[in-house]
Amino acid sequence: MALYKGRSVAKMGVVEGEALVTKDLVAFWGGADWETGEIVEVGHDARGKNVAGKVLVFPIGKGGGGEAFGYYYLGRSGRAPKALVCNRSLGQTVAGALLVGTPMVYGFKEDVTAEIKTGDWVRVDTDRGQVEVLKKVGD
Amino acid sequence: MQLNREQEEMLEGRQGRGVQKAIEMLIAMGNAVGAEKMVRISYAHLMPPDLMFFPYGKQGKWAHEMTEELTQDIQGFKVATTIEPMFCDLCIARDLQYPDNQIGEMQKIQGEAIHFYEKMKVIPTYTAMPFLYYQTKLGQHVSIAESIATLWFNTMFGSRCERDDGITALSAAITGYVPLTGSHLEAYRHAEVVIKPGTAIDFNSFNDADWDAYSLAASRKCKEKRPAFLGIPSDIGLTALKHLLAVIAVESGLAVMHIVGLTPEAQTLQMALAGTEPLAEHVIGKKEMDEAYALANTSKDRNIAFVLLGCPHLTLREIRDLAEVLDGKKINKNVKLIAATTRLLLEQAEDMGFARVIRDAGGILTTDMCIAFAGSNVKGTIATNSIKAVFFYTGFCASAPNEVKFGSIKECGGAALTGRWEGRF
């Protein structure tokens, strides 16, 4: 199965989960509801989807300067994603991941938002800084 | 990550637990992004969570917990610091429909934060536009926690800062360092894509809202890729620049962009691209502008309950434009108009008579508060001239999001007088 090599923000072991993939940038402060985990941003391609417990695959974070706090509130509400996988790292997203302790891998040769599909079962290995698709959706 | 002797001493705890915790946080951030060392900064813009991020209820407690250890025993900051707006001007909290118990909690949590940071001798700017107070130079390393301010210091001044979060910027102010990474490095500053106006775009006829719409349209094209804007008039004013930078700062992951012929690292397109080929060239025309306006106008209802202005804080020109619409008239009894600006601009607006005109009409002109959060408890349609504010008004609370009308400050002022939205969208 496909393997994508990037780098992890910190060694936090290995987690597996179902991918939620979006081609749009993701904001956790204003873009997602910190109490429910629902993406609420108007015009977002994943609007109405919920990030809680998912391996969230996205291009990069965006939003205001409060991004890390939004992510922290999401984590304290028990609605954080299981892991974050993105093409580029935004400082505020990295800070949020570190504050909450969410595994995060970024910086791949490939565009992971094109390679991985929503519903794929994915293993995120932060010790090796890599992401593996274990089962494609529909297989 | 390599540490110098000063940083090692901080890590050993010789300057107290707050400093030690701050350097630990910066090392964790540096390792996360692959920084090899730290770089000394000379200025930081703070975004303390307990000052700003819903300082009541459980999140008010969480906000305080995030900074408690960092600030417990520090004696001051190692660099000059400015600070973000606070959550709410408590004098108008009832106008914004907060219940008394929440106002009481705000008074405590927000009030303690103000007391602490002022004791630490922060410059009490309370604005997302600290660049009106504190200007830095080409190549100067700083730490900024605020999206438009990060973009402004990098783009307009050519200074060096990453998209720092509130904890990183606070840690940077406490230690005087940040990880040397991202936009601090030449390799991550050059333009990657080009944004051009279509033939139907006439910047000279743009109002404040048009610049917001152009910025939203551009950000939807370039996403996280650093853009070079072509064709922007070199005499563009502060108000237009504020609108152009504020929206794209939120709608993209950008720390730096370029305006060809205007910004210090983009005297020419070749200079902005730094010898690279652009990955794409995007044209923003009438269709893209209309799409942006349609996205930003979420309400079908044209009855307006609130007019909220100043995200980021109103410029003197915007205050003047608002005063022109309201002059000698009364705001509709079903509408509340609240406009926020900076302390210095309010003083000028007082001197020029604009502040009195707005107050005489029944409007509220205030300072120090973040108007983006002012919609979080209100019922009824909000009118605003800021797409950045639209993002936050529609984004907080999934169960009952605000409905918004977006247009120019003159259209917003008109809606305040009649209670009806007469804008094109």
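Residues numbered from 1 in each chain as written. Chains lettered and ligands numbered in written order. Predicted model: local features only at pLDDT ≥ 70, side-chain atom pairs only at ≥ 80, totals over all residues. Heavy atoms only, no water.

## Comments concerning the overall build of chain B
This is how it is decided: Helix and strand definitions follow DSSP, with helices as H or I runs of at least four residues and strands as E runs of at least two, each counted in order from the N terminus. The quantity called the radius of gyration is restricted to C-alpha atoms. Its globule counterpart is 2.2 Å times the number of residues to the power 0.38. Residues are treated as being in contact if the distance between any of their heavy atoms lies within 4.5 Å. Each accessible area is a Shrake-Rupley estimate made with a 1.4 Å probe; only the visible protein chains count as cover when residues are assessed. Here the positive residues are Lys and Arg and the negative ones are Asp and Glu; neither His nor the chain ends is included. Note that the charge is assigned to NZ on lysines, CZ on arginines, CG on aspartates and CD on glutamates.
Regarding its fold elements, chain B presents 16 helices and 14 strands. Radius of gyration (C-alpha) of chain B: 22 Å, near the 22 Å computed for a compact globule of 425 residues. Dimensions of chain B, computed from C-alpha atoms along their principal axes, come out at roughly 65 × 55 × 45 Å. Here the contacts in chain B between residues at least 6 apart in sequence split such that 77% fall between residues at least 24 apart. Summing over all exposed atoms, chain B offers an accessible surface of approximately 15,600 Å²; the carbon and sulfur share of this is 50%. Separation between the mean location of the 43 positive side-chain charges and that of the 50 negative ones in chain B comes to 3 Å.

## Regarding the sheet that holds strand β12 (residues 364-367) of chain B
Residues and elements named next belong to chain B. What counts, and what does not: DSSP calls a pair of strands paired once it identifies at least 2 bridges connecting them. Lines are fitted to the C-alpha atoms to define the axes, a helix being fitted only along its stretch in contact, and any angle between axes, read from their N-to-C directions, falls within 0 to 180 degrees.
Reading across the sheet, the five strands line up as β12-β11-β10-β13-β14 and stay open at both edges, with parallel pairing between neighbours. Of all strands in the sheet, those with a lone pairing partner are β12 and β14 (404-406), marking the two edges. Along the sheet, successive strands turn relative to each other by an average axial angle of 20°, direction set aside. In the sheet, strand β10 (residues 306-309) pairs with strand β11 (residues 336-341) via four bridges, with the strands oriented parallel.

## Focus: the pairing of β11 of chain B
All names here are of chain B. For the record, the criterion: The buried label goes to any residue with under 20% of its type's maximum accessible area, the exposed label to any with over 50%, and the partly exposed label to all in between, with areas taken from a 1.4 Å probe on protein chains only. Here a crossover is taken to be right-handed if, once the strands point away from the viewer, the path from the first strand over the helix to the second is traced clockwise.
Burial within β11 is extensive, with five of its six residues counted as buried. In this fold, β10 hands off to helix α12 (residues 316-326), which returns the chain to β11; that crossover is right-handed. Where β11 meets β12, four bridges bridge the pair, whose relative direction is parallel. Its bridge partner lying in β12, Ala339 is registered against Leu365.

## Quick word on the environment of Ala213 of chain B
Residue and element names in this part refer to chain B. One can find Ala213 in helix α8 (residues 208-222). On the accessibility criterion, Ala213 (0% relative accessible area) is buried. Separated by 15 residues in the primary sequence, Ala213 and Ala228 place their C-alpha atoms 17 Å from one another. Aside from chain neighbours lying at most four places away, what touches Ala213 is Met289, Ala292, Tyr293 and Ile387.

## A look at the interface of chain B and chain A
One frequent convention defines the size of an interface as the accessible area lost when the parts assemble. The condition is simple: The term buried area refers to how much accessible surface (probe radius 1.4 Å) is lost by two components on association, counted for both of them together. Think of a salt bridge as a Lys or Arg side-chain nitrogen and an Asp or Glu carboxyl oxygen that are within 4 Å of each other. We define a polar contact as two N or O atoms separated by no more than 3.5 Å, with the added condition that, inside protein, one atom must be a possible hydrogen donor and the other a possible acceptor, whereas residues neighbouring each other in sequence contribute only through side-chain atom pairs.
Of the residues lining the interface, 46 residues belong to chain B; the matching set on chain A comes to 43 residues. Between chain B and chain A, roughly 3,500 Å² of surface is buried when both sides are summed, and carbon and sulfur atoms account for 62% of that area. At the junction of chain B with chain A, the criterion picks out five salt bridges. With its nearest N and O atoms 3.1 Å apart, the salt bridge here joins Lys223 of chain B to Asp24 of chain A. Counting across the interface, chain B meets chain A through 15 residue pairs in polar contact (both at pLDDT 80 or more). At the level of secondary structure, the elements contributing two or more residues to the side of chain B that touches chain A comprise α2 (17-33), α4 (57-71), α7 (166-175), α9 (238-251) and α15 (387-395) of chain B.

## Things to note about the pattern of salt bridges
Here the structure, examined in full by the defined rule, presents 39 salt bridges over all chains. Here Glu41 of chain A ties to Lys62 of chain A by a salt bridge, and the two come within 2.7 Å at their closest N and O atoms. Placement of the pair is Glu41 of chain A in the loop between β3 (14-21) and β4 (55-58) and Lys62 of chain A in the loop between β4 and α1 (67-76), with a sequence separation of 21 residues. Considered together, Glu41 of chain A and Lys62 of chain A belong to a single accessibility category, that of buried residues. The closest approach of N and O atoms between Arg17 of chain B and Glu24 of chain B, which form a salt bridge, is 3.2 Å. Each of the salt bridges in this network shares a partner with another, and the network as a whole consists of Arg317, Arg320, Asp321, Glu324 and Lys410 of chain B.

## Points about the side chain of Asn402 of chain B
All names here are of chain B. You can see Asn402 is positioned in the loop between α15 and β14. Using a relative accessible area of 9% as the deciding quantity, one classes Asn402 as buried. For Asn402, the side chain forms a polar contact with the main-chain oxygen of Val378, separated by 3.4 Å. Beyond its immediate sequence surroundings of up to four residues, Asn402 is in contact with Thr298, Gly375, Ser376, Val378, Ile382, Tyr393 and Thr394.

## Description of the packing of α8 of chain B against α9 of chain B
All names here are of chain B. Our working definition: By definition, turning the near helix anticlockwise from the far helix through less than a right angle yields a left-handed crossing, and turning it clockwise yields a right-handed one.
At a closest axis distance of 8 Å, the pairing of α8 and α9 adopts a crossing angle of 35°. For the crossing formed where α8 meets α9, the hand is right-handed. Of the residues in α9, those touching α8 at Asp208, Trp211, Asp212, Tyr214, Ser215, Leu216, Ala218, Ser219 and Cys222 are Ala240, His243, Leu244, Val247, Ile248 and Glu251.

## Considering the sheet that holds strand β4 (residues 143-144) of chain B
Residue and element names in this part refer to chain B. Here we have three strands laid out as an open sheet, ordered β3-β2-β4, and parallel in their pairing. At either margin of the open sheet sits one strand with a lone partner, and together these are β3 (80-83) and β4. Both strand β2 (residues 43-46) and β3 contribute to a ladder of four bridges, which runs parallel. What sits directly across from His45, in β3, is Thr82. The strands that α7 touches are β2, β3 and β4; relative to β2, the one it contacts most, it runs at about 140°.

## Some points on the pairing of β2 of chain B
Regular strands place their side chains on alternate faces of the sheet. Residue and element names in this part refer to chain B. Side chains of β2 alternate between two faces, with Tyr43 and His45 and Ala44 and Leu46 buried alike. Sheet topology places β2 next to β4; two bridges connect them, and they run parallel. Of the residues in β4, the one forming a bridge with Ala44 is Ser143.

## Some points on the environment of Pro179 of chain B
Residue and element names in this part refer to chain B. Within the secondary structure, Pro179 is located in strand β5 (residues 177-179). Expressed as a C-alpha distance, the spacing of Pro179 and Ala266, which sit 87 residues apart in the sequence, is 25 Å. When sequence neighbours within four positions are dropped, the list of residues in contact with Pro179 reads Leu26, Met29, Gly30, Ala35, Lys37, Met38 and His184.

## Quick look at helix α16 (residues 409-418) of chain B
All names here are of chain B. Buried within α16 we find Ile409, Cys412, Gly413, Ala415, Ala416 and Leu417. Elements that come into contact with the buried residues of α16 comprise α8, β10, α12, β11 and β13 (382-384). The first or second residue beyond α16 is Gly419, which carries a positive phi of 80°.

## Focus: the nonpolar core
Residue and element names in this part refer to chain B. Heads up, the rule is: What makes a nonpolar core is a set of buried Ala, Val, Leu, Ile, Met, Phe, Trp, Tyr and Cys residues whose side-chain atoms join them at distances within 4.5 Å.
In this structure, Leu96, Tyr214, Leu245 and Phe373 are the most contacted members of the largest nonpolar core, which totals 127 residues. Not counting residues within four places of it along the chain, the set of residues in contact with Leu245 comprises Ile148, Leu151, Trp152, Met156, Met257 and Ile259. Formed by 28 residues, the second largest nonpolar core is a distinct cluster that contains Leu309, Val335, Ala415 and Leu417.

## Looking at helix α6 (residues 147-155) of chain B
Owing to its 3.6 residues per turn, the α-helix aligns residues three or four sequence positions apart on the same side. Residue and element names in this part refer to chain B. Where burial is concerned, most of α6 is hidden: nine out of the nine residues are buried. Where α6 is concerned, the buried positions are Ser147, Ile148, Ala149, Thr150, Leu151, Trp152, Phe153, Asn154 and Thr155. Those residues of α6 that are buried are in contact with β2, β4, α9, β8 (258-259) and α15. Between the side-chain oxygen at the start of α6 and the backbone nitrogen of Ile148 there is a gap of 3.1 Å, and the oxygen is on Glu146.

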